[in-house]
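Coordinates in review
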Amino acid sequence: MNAESEPTRGEPVRTWAALVALLAAAVYANTLGHGFVWDDNTIVLGDPAIRSLSSIPSFFARSYWGEADPEFKLYRPLVQTTLAIDWAIGRGSAVPFHATNLLLHVLATLLAFHLFRGLHDELPWAVLASALFAVHPVHTDAVDSIVQRAELLSAIGVMGGLLAALRGRWLVLALCAAVGLLSKETAAMLPLLLAGWHLLGDRARRPRWPAYAVSIGVLALYGVARWKVLGTATGMHAAFGDVSVGERALTMTWVFGDYVRLLLVPWPLCADYAVNTNPLVRVTSAADPRFLSAALALSTLAIVWCVAAARRWRGAFWGAWAAIALAPVSNVLLPIGAIEAERFLYLPSVGACAILAWIPSRPETRRVGLLVVGFFAALTILRNPIWKDDATLLDARVADARENPFPRYFRAAQLMQKGEARQARDLLDEALDALPAYEKARQLRAEVRIRLGDLPGAAEDLEILSASHPDWWVTLFLLGRVYGELGDRPHLEKTLERLRAAGHDKEAQELARLFR
């Protein structure tokens with residue numbers, strides 16, 4: 001069948017939908033044996049409320065992070081509800097959690113398939129676009145990490161809401177909008193996506209005014225509930241800190257250029273983009289080659305989009321979809337808790353996959369599309385084991401983000417617990433080479449050096465820390481013990497004086513007794 005023709009009634013739509021769903025499940029089947037990783041440990045294992053279904057009502061009246069981080073105020077009660085149900089099913093086993101994430105991704109893929117077909121009535125293109133979505137490698141973070149199901153649920157709410165709006169099912173639209181918003185804040189983009197289709201899509205299928213009334217009404221109710229529970233509209237840590245709007249804009253231009261690369265050509269990939277939080281690698285000047293190259297690429301895409309919009313090509317809407325879905329994580333007007341993350345691309349990738357499938361969906365180029373799907377699937381399957389446990393994830397982060405000191409510190413802490421002090425020291429050396437002011441890493445390296453018998457090296461690290469923080473009595477006490485073990489009486493006496501000057505006479509007396 002020609003890709004541009006209308007599908008006949010006898011076409012096996014359900015068969016193709018089932019095959020796409022199986023593809024989505026197949027590429028993530030090797031995640032079912034994974035454990036709890038990174039934030040899973042805090043939000044799932046560290047929250048006693050997750051272990052009881054009776055706690056579900058309380059999720060709608062508290063912060064997502066709870067007492068683990070009271071200042072990090074997010075409102076995602078539906079995610080917590082699903083976590084509690086998974087816990088009840090598996091009694092602490094990680095298998096039900098990963099199975100749920102897999103099923104949610106399958107559901108999102110099916111919704112993408114029906115959205116593509118419902119908006120354009122071209123089955124080959126819809127099959128290829130949804131197959132690309134099913135296997136796209138940038139989804140591994142969102143699907144493999146249990147708590148990142150917030151991305152999956154939010155995308156399900158948005159896509160389901162758009163389908164319901166186009167079919168005039170207002171109650172379903174309200175339910176989908178609520179599902180999305182109660183899972184993640186990015187679902188607030190649903191009214192804008194409806195407007196995008198209204199302006200750029202098929203005029204005969206424009207959403208009617210009740211679609212806007214319902215979606216905006218649910219958004220308003222969500223905003224009131226969120227404010228009442230959290231007392232703030234944002235309440236998130238700002239990854240940029242006190243950086244100016246201008247510098248944020250320069251850096252995010254670079255990041256958005258990287259997002260385009262990840263969506264269209266997802267190689268190489270990175271398990272940790274937190275390197276961007278390092279002040280040494282932020283974009284601070286418009287003359288920076290990273291900014292210039294990204295600005296050129298984005299400007300070119302903007303020109304292409306304008307041409308597509310003027311001619312009402314289908315790519316105009318899907319390009320707008322990707323841009324609108326990325327708006328909440330732009331970090332320009334509203335700073336959020338991360339600068340760059342692959343999980344942020346789950347919903348925007350719907351638009352990217354629609355564009356990627358445009359040319360290869362034609363009969364003469366369909367083999368190219370199949371090769372791309374196969375390549376993406378292989379990347380995803382090979383990448384999933386990264387999220388098996390904390391150790392494999394941190395090893396991947398250390399390997400991928402060579403300038404990032406933070407995963408090196410966390411991996412070193414794990415190695416210390418296992419008694420592998422030499423490997424821990426090597427990682428901490430790398431961390432401090434990248435960021436000399438990383439005080440936690442310096443403190444840990446001092447402890448590692450003590451364990452390895454490198455007392456002069458430990459004294460050096462502790463002196464640097466105590467010079468910056470003369471009131472850190474634990475550091476001073478440890479420094480005094482090191483000088484005592486070295487037999488360096490003058491420096492021990494000086495450290496005792498510093499302890500007393502900081503108001504820790506009791507600790508100074510105890511240290512003096514140890515080395516009389």
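All values reported here derive from a predicted model rather than from experimental measurement. Here the residue index of a chain counts from 1 through its sequence in written order. With pLDDT at 70 or above as the cut-off, local features in this predicted model cover only qualifying residues; side-chain atom pairs require 80 or more to be listed or tallied, and sums for whole chains, interfaces and linings still use all residues. Based on all heavy atoms of the structure, the side-chain values leave hydrogens and waters out of the count.

What follows covers the environment of Glu447. Put simply, DSSP H or I for four residues or longer makes a helix, DSSP E for two residues or longer makes a strand, and each gets a number counted from the N terminus. Inspection of the secondary structure puts Glu447 in helix α20 (residues 439–452). For Glu447 and Ala459, which are 12 residues apart along the polypeptide, the C-alpha to C-alpha distance reads 10.0 Å.

One can describe the packing of helix α6 (residues 123–135) onto helix α15 (residues 348–356) by two numbers: an axis separation of 8 Å at closest approach and a directional angle of 135°. When the axes of α6 and α15 are compared, the pair comes out oblique. Judged by the sense of rotation from one axis to the other, the crossing of α6 with α15 is right-handed. Every residue of α15 that contacts α6 at Trp125, Ala129, Leu132 and Phe133 is listed here: Ser349, Val350, Cys353, Ala354 and Leu356. Its residues placed into classes, the contact of α6 with α15 shows eight nonpolar, one polar and no charged. Helix axes are fitted to C-alpha atoms over the stretch in contact, other axes to C-alpha atoms as well, and angles between N-to-C directions run from 0 to 180 degrees. Every angle not falling under 35 degrees, over 145, or within 65 to 115 is termed oblique; those three ranges are roughly parallel, roughly antiparallel and roughly perpendicular. A clockwise turn of the near helix away from the far one marks a right-handed crossing, whereas an anticlockwise turn of less than a right angle marks a left-handed crossing. Contacts were defined at the residue level, with two residues in contact if any of their heavy atoms lie within 4.5 Å. Amino acids are sorted into nonpolar (Ala, Val, Leu, Ile, Met, Phe, Trp, Tyr, Cys and Pro), charged (Asp, Glu, Lys and Arg) and polar (every other residue, Gly among them).

In this analysis, rings of Phe, Tyr and Trp, with Trp reduced to its six-membered ring, are considered paired at centre separations within 6.5 Å, and the interplanar angle assigns stacked below 30 degrees, edge-to-face beyond 60, and tilted for intermediate values. Under the definition given, this model contains 17 aromatic pairs. When the centroid spacing of 5.3 Å and the interplanar angle of 70° are considered together, the rings of Phe36 and Phe97 count as edge-to-face. A residue pair is termed long-range when its members are at least 10 positions apart, and Phe36 in the loop between α1 (13–27) and α2 (39–45) and Phe97 in helix α5 (residues 95–120) qualify at 61 residues. Residues Phe375 and Phe376 carry aromatic rings whose centres are separated by 6.3 Å and whose planes lie at 45° to one another, so their mutual orientation is tilted. Judged by relative accessible area, which is 3%, Phe376 ranks as buried. Site record: aromatic cluster; members linked through ring pairs are Phe116, Trp125, Trp197, Phe317, Trp318 and Trp321. Geometrically, a lysine NZ or arginine CZ counts as sitting over a ring once it is within 6 Å of the ring centre and also within 35 degrees of the ring normal. If you follow Arg314 out to its NZ or CZ, it ends over the ring of Trp125, 4.6 Å from the centre. A cation sits over an aromatic face here: Arg397 above Trp38, 4.7 Å from the ring centre. Each residue gets one of three labels from its accessible area relative to the maximum for its type: buried under 20%, exposed over 50%, partly exposed in between, using a 1.4 Å probe on protein chains only.

We define a nonpolar core as any set of buried Ala, Val, Leu, Ile, Met, Phe, Trp, Tyr and Cys residues linked to one another through side-chain atoms lying within 4.5 Å. Core analysis: the largest hydrophobic core is formed by 95 residues, its most contacted members being Val44, Phe116, Met159, Trp318 and Trp321. Ranked by size, the runner-up nonpolar core spans 19 residues in total, among them Phe256, Leu269, Cys270 and Tyr273.

The subject of this paragraph is a nonpolar patch on the surface. Surface patches are drawn from residues lacking salt bridges whose relative accessible area is over 30%; two like charges belong together within 9 Å, two nonpolar side chains (Val, Leu, Ile, Met, Phe, Trp, Tyr) within 5 Å. Every accessible area reported is derived by Shrake-Rupley at a probe size of 1.4 Å, with residue values counting cover from the shown protein chains alone. Counted as salt bridges are all cases of a side-chain nitrogen of Lys or Arg within 4 Å of a carboxyl oxygen of Asp or Glu. On the surface, Trp16, Leu19 and Leu22 cluster together into a nonpolar patch covering about 310 Å² of accessible area. The residue Leu22 is located in helix α1 in this model.

To estimate the expected span of a helix, subtract one from its residue number and multiply by 1.5 Å. Its 12 residues place the ends of helix α9 (residues 170–181) 16 Å apart at the C-alpha level, agreeing with the 16 Å of an ideal helix rising 1.5 Å per residue. Burial in α9 covers these residues: Leu173, Cys176, Ala177, Gly180 and Leu181. One side of α9 holds all its buried residues, which, seen down the axis, span an arc of 130°. Every exposed residue of α9 that faces more than 90 degrees away from the buried side is listed here: Leu171 and Leu175. The secondary structure elements touched by the buried residues of α9 are α8 (149–166), α10 (190–200) and α11 (209–230). For this quantity, the arc is that covered by the directions from the helix axis to the C-beta atoms.

Of note, Ser63 is situated in the loop between α3 (56–59) and α4 (77–90). For Ser63, a relative accessible area of 11% gives the class buried. As a C-alpha pair, Ser63 and Lys228 span 165 residues in sequence and 11 Å in three-dimensional space.

We now examine the pattern of salt bridges. Under the defined criterion, the tally for this structure stands at 20 salt bridges. Residues Arg442 and Asp461 are paired through a salt bridge, measuring 2.8 Å at the closest nitrogen-oxygen approach. Taken together, the residues Arg442 in helix α20 and Asp461 in helix α21 (residues 455–468) connect sequence positions 19 residues apart. Classification of Asp461 by relative accessible area gives buried; the value is 0%. Among the salt bridges present, the one from Asp461 reaches Arg445, with a minimum N-O distance of 2.8 Å. Taken as a pair, Asp461 in helix α21 and Arg445 in helix α20 lie far apart in primary sequence, 16 residues in all. Judged by its relative accessible area of 10%, Arg445 falls in the buried class. In this structure, a network of salt bridges that share partners links the residues Asp429, Arg442, Arg445, Arg449, Asp454 and Asp461.

Let's shift gears to the environment of Ser145. Inspection of the secondary structure puts Ser145 in the loop between α7 (140–144) and α8. Taking the C-alpha atoms as reference, Ser145 lies 24 Å from Gln417; in sequence the two are 272 residues apart. If we ignore the near neighbours within four places in the chain, the residues touching Ser145 are Asp40, Asn101, Thr140 and Trp387.

A word on the packing of helix α19 (residues 421–434) against α20. Two elements in contact, α19 and α20, have axes whose closest approach is 9 Å; the angle formed by their N-to-C orientations is 150°. The chirality of how α19 crosses α20 is left-handed. On α20, the residues that touch Ala421, Arg422, Ala424, Arg425, Leu428, Asp429, Ala431 and Leu432 of α19 are Ala441, Arg442, Leu444, Arg445, Val448, Arg451 and Leu452. Looking at the contact of α19 with α20 residue by residue, the class counts come to nine nonpolar, no polar and six charged.

Take the confidence of the model for the protein next. A score between 0 and 100, pLDDT records how confident the predictor is in each residue. Here the protein averages 89 in pLDDT, while 92% of its residues score no lower than 70. Every residue in residues 1–10 scores below 50 in pLDDT, and together they form 19 contacts with partners more than four places removed in sequence or on other chains. Low confidence marks residues 275–280, where pLDDT is under 50. Its contacts with residues over four positions away, or in another chain, come to 18 contacts.

Moving on, we get to α21. The terminal C-alpha atoms of α21 lie 20 Å apart, and with 14 residues this matches the ideal 20 Å at 1.5 Å per residue to within 8%. Looking at the buried residues of α21, the elements they touch are α20, α22 (473–486) and α23 (489–501). For the purposes of these results, a polar contact is taken to be a pair of N or O atoms within 3.5 Å, where, inside protein, one atom must be able to donate a hydrogen and its partner to accept one; residues adjacent in sequence count only when each atom of the pair is a side-chain atom. Backbone nitrogen of Gly457 and a side-chain oxygen of the N-cap are separated by 3.1 Å at the start of α21; the cap is Asp454.

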